[in-house]
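Observations on the model geometry
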Amino acid sequence: MYTILTLLLLVVALWILVAGWRDITNNTIAAAYLCGRYWTALEQGWQWWWPWPFGRHEEYSRKPIPISDTVKVNTKESDGDKPGGSNKVTLDYSFTFQPDFNLLGTYRRWDVETIVADLKAEIRSQLSILGGKHSYADFIKSHRAIETIIDCLLRLDVLPHYDPKSFGLTGVDVVPPDKRIAFYDEHHHEINLRLKSEVDRPGRISRFEEKYGIDIGGFHLDPAAFSPELTAALELERGTKQKLAAVDAVTSKIDEVTKKLPKLPIQEAADLVQATLGVPTKIIKVRSGGAVDVWLTPDAEKV
């Protein structure tokens, strides 16, 4: 009787041992269940787990899942602290995520569509907060800092703007939204090192990675283009600044000449500077009383 029972048990044990081997598909991981409850995660390749009816497994692809979106962000135009009109900046971004082997028990509870929708909503919210604190032009020019802010949000356990003291900033516990872009610009190198070392710290994950059981890849933000109207306005502003700089240079030189040669009439000093700098004719005139007026006239002929 005992011999038969022993043989039967040996046969069952041998069947369990043989039937439990399963081949997990390449580039996937599997959630292993025992008696209907999630138990552990299995890597790709041949793995042993309890056979039916005690155990089963469910595979999940490890292929990165891409997320991309286009967001229109409202920005403010301001004169000092007085809000003015607002413009929208169109931003395109992309990144990927995949299930985290160590958090597969969490990942299996979510569907991909929900994860994608929630991450997009969070990014849209953060971009709106930043955009509302900056002008149209400044926001577009701050591409690198904005990209880094969102990248940190998705991948780091401690966000830099919540830990300013580690960057040498004292007297403040949290960097406010209106100063975050400047903060990330100033400390770009140190923050970038934290992002690069993120892959070497598997236990330190962002709140989104922990919530959804995922590993998020690097965030990429396409540079936003200026509108044709703003491009023309910036070119005009740049030209004006160049002209003003030229005016300052001329007046400064005239001042130097008159100090070195105090007996030299100011008109002659202006003519001397004009000849030395190769300034267009008819731009330096001396009014009665010795005051100097400087005009920049691009159409004037060279001396």
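See the structure above.
The rules behind each value
Along each chain, residues carry numbers from 1 onward, in the same order as the chain's sequence is written. For a predicted model such as this one, the threshold for reporting local features is a pLDDT of at least 70, and the threshold for listing and counting side-chain atom pairs is 80 or more; totals across whole chains, interfaces and linings nevertheless cover every residue. Remark: hydrogens and water are excluded; side-chain values derive from all non-hydrogen atoms of the structure. One speaks of a salt bridge when a side-chain nitrogen belonging to Lys or Arg is within 4 Å of a carboxyl oxygen belonging to Asp or Glu. Secondary structure counts use DSSP, requiring at least four H or I residues in a row for a helix and at least two E residues in a row for a strand, with both numbered from the N terminus. Residue burial is assigned from relative accessible area. The probe radius is 1.4 Å, only protein chains are included, and a residue is buried under 20% of its type maximum, exposed over 50%, and partly exposed in between. Among buried residues, those of type Ala, Val, Leu, Ile, Met, Phe, Trp, Tyr and Cys that are joined through side-chain atoms within 4.5 Å constitute a nonpolar core. Residue contacts follow a heavy-atom distance rule, with two residues in contact if any of their heavy atoms lie within 4.5 Å. Strand pairing is assigned whenever DSSP detects at least two bridges linking the two strands. Helix axes use the C-alpha atoms of the stretch in contact, all axes being lines fitted to C-alpha atoms, and the angles between their N-to-C directions lie in the range 0 to 180 degrees. Roughly parallel means an angle under 35 degrees; roughly antiparallel, over 145; roughly perpendicular, 65 to 115; everything else is oblique. Take the far helix as the reference: if the near one is turned anticlockwise from it by less than a right angle, the crossing is left-handed, and if turned clockwise, right-handed. Like charges are joined within 9 Å and nonpolar side chains (Val, Leu, Ile, Met, Phe, Trp, Tyr) within 5 Å, but only among residues with over 30% relative accessible area and no salt bridge; these make up the patches. For the area figures, the Shrake-Rupley method with a 1.4 Å probe applies, and any residue is considered shielded solely by the protein chains shown.

Enumeration over the complete set of coordinates arrives at 7 salt bridges. Here Asp-69 and Arg-124 are joined by a salt bridge, their closest N and O atoms 3.3 Å apart. A residue pair is termed long-range when its members are at least 10 positions apart, and Asp-69 in strand β6 (residues 65-79) and Arg-124 in helix α3 (residues 112-131) qualify at 55 residues. Taking the relative accessible area as the measure of exposure, Arg-124 reaches 37% and is therefore partly exposed.

Let us now look at the nonpolar core. Ranked by size, the top nonpolar core spans 48 residues in total, and within it Phe-95, Phe-97, Leu-119 and Leu-154 carry the most contacts. For this core, the element with the most residues is helix α5 (residues 143-155), which contributes 7 residues. With residues up to four places along the chain from it excluded, the contact list for Phe-95 reads Ile-65, Pro-66, Ile-67, Leu-119, Ile-123, Leu-154, Ile-216, Gly-217, Gly-218 and Phe-219.

Overall, antiparallel pairing links the 3 strands, which are arranged β3-β2-β5 in an open sheet. Whereas interior strands pair on both sides, the edge strands pair on one side only; in this sheet they are β3 (37-42) and β5 (55-61). Neighbour-to-neighbour, the strand axes of the sheet open up by a mean angle of 30°, direction not taken into account. Sheet topology note: the strand β2 (residues 28-34)/β3 ladder contains 5 bridges and is antiparallel. Counted as the bridge partner of Tyr-33 is Tyr-38 from β3.

This part is about the packing of α3 against α5. Where α3 contacts α5, the axes come no closer than 11 Å and their chain directions differ by 140°. Comparing their axes, α5 and α3 come out oblique. In terms of crossing hand, the pair formed by α3 and α5 is right-handed. Across the interface between the two elements, Leu-119, Glu-122, Ile-123, Gln-126, Leu-127 and Leu-130 of α3 pack against Ile-146, Ile-149, Ile-150, Leu-153 and Leu-154 of α5.

There is a patch of nonpolar side chains on the surface, built from Leu-5, Leu-8, Leu-9, Val-12, Trp-15, Trp-50 and Phe-54 and spanning about 670 Å² of accessible area. Relative to the elements of secondary structure, Phe-54 occurs in the loop between β4 (45-48) and β5. With relative accessibility at 39%, the residue Phe-54 sits in the partly exposed group.

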